[in-house]
Amino acid sequence: MSNIVEPSAEPLVRQIAARVRTERERRRWTLAQLADASGVSPAMISRIERGESSPTAVVLGKLSAAFQLGVASLLALAEGTQDAPESVAETPGVRRGADAAEWRDPGTGYRRRQITGPRFPAEIAEIRLPAGARVPYPAAAFAFVRQLVWVLDGRLTFHDGDTVHELDAGDTIELGAPAERVFANTTDAECRYAVVLTRDTRP
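Remember, it's a predicted structure, so these values are computed and weren't measured experimentally. (Residues numbered from 1 in each chain as written. Predicted model: local features only at pLDDT ≥ 70, side-chain atom pairs only at ≥ 80, totals over all residues. Heavy atoms only, no water.)

## A word on helix H2 (residues 31–38)
To keep things clear, this is the line we draw: Remark: exposure states derive from per-residue accessible area (1.4 Å probe, protein chains only) relative to the maximum for the residue type, with buried under 20%, exposed over 50%, and partly exposed in between. Helix and strand definitions here come from DSSP, where helices need a minimum of 4 consecutive H or I residues and strands a minimum of 2 consecutive E residues; each element is numbered from the N-terminal end. It is the directions from the helix axis to the C-beta atoms whose arc is reported. Whether two residues are in contact is decided by their heavy atoms: any pair within 4.5 Å suffices.
For H2, the complete set of buried residues consists of Leu-34, Ala-35 and Ser-38. One side of H2 carries all its buried residues, which in axial view fall inside an arc of 105°. The inward-facing, buried residues of H2 abut helix H1 (11–26), helix H3 (42–49) and helix H4 (57–67). Positioned one or two residues after H2, Gly-39 has a phi angle of 80°, which is positive.

## Some remarks on the packing of aromatic side chains
Defined as follows: The pairing test for Phe, Tyr and Trp rings, Trp by its six-membered ring, is centres within 6.5 Å, and the orientation test on the planes gives stacked under 30 degrees, edge-to-face over 60, and tilted for anything in between.
By the definition in use, this model includes six aromatic pairs. Between Trp-103 and Tyr-110, the aromatic rings sit 5.8 Å apart at their centres with planes inclined by 75°, giving edge-to-face as the arrangement. Classification of Tyr-110 by relative accessible area gives buried; the value is 5%. Between Tyr-137 and Phe-183 the ring centres are 6.0 Å apart and the planes differ by 75°, which places this aromatic pair in the edge-to-face class. With Tyr-137 in strand E4 (residues 134–137) and Phe-183 in strand E9 (residues 181–184), this residue pair connects regions lying 46 residues apart in the sequence. Members of the aromatic cluster, connected to one another through ring pairs, are Tyr-137, Phe-142, Phe-158, Phe-183 and Tyr-193.

Spelled out as structure tokens, the structure:
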């Protein structure tokens with residue numbers, strides 16, 4: 001099967017497709033090997049790489065864990081592959097909110113907007129979690145990163161391993177060693193939070 005990305009795919013879906021394929025090929029993995037490492041079926045990975053399917057946040061979590069990348073890192077890398085001149089993509093300065101690509105999870109309606117550019121030393125993203133949404137991530141998705149979550153509006157129910165934290169606007173949590181984690185909104189209003197992430201040298 002050809003691994004050419006469908007031209008009809010949405011721009012960010014095409015960028016995610018290209019990044020997933022690039023990360024797999026960098027490791028010289030076959031689709032079957034990535035499937036074994038991530039728990040995502042080869043057929044689904046193939047559809048993602050062709051831009052035929054927009055992955056859910058859960059699927060992205062599994063793929064990023066297999067690559068030993070945070071979900072934020074995988075999406076930030078994808079956004080850095082957009083069809084813009086290199087000098088524009090990497091030049092520090094003003095980034096207009098209207099120009100930022102927003103990724104929407106087709107499964108939950110979760111929306112994510114990258115705040116920092118691909119060359120900034122920390123990754124900052126703004127997340128909007130709809131009422132009733134629940135997004136789980138495997139522990140491996142948090143390996144080799146240091147991460148802080150800052151609730152901006154609403155309430156976030158955050159499962160950090162076996163511990164549950166109820167976080168209100170203004171609250172922050174700095175994550176420790178990798179653990180299975182769940183971002184949940186158990187209220188009837190949207191929750192908005194920021195994720196601040198830097199790479200670490202150890203899992």
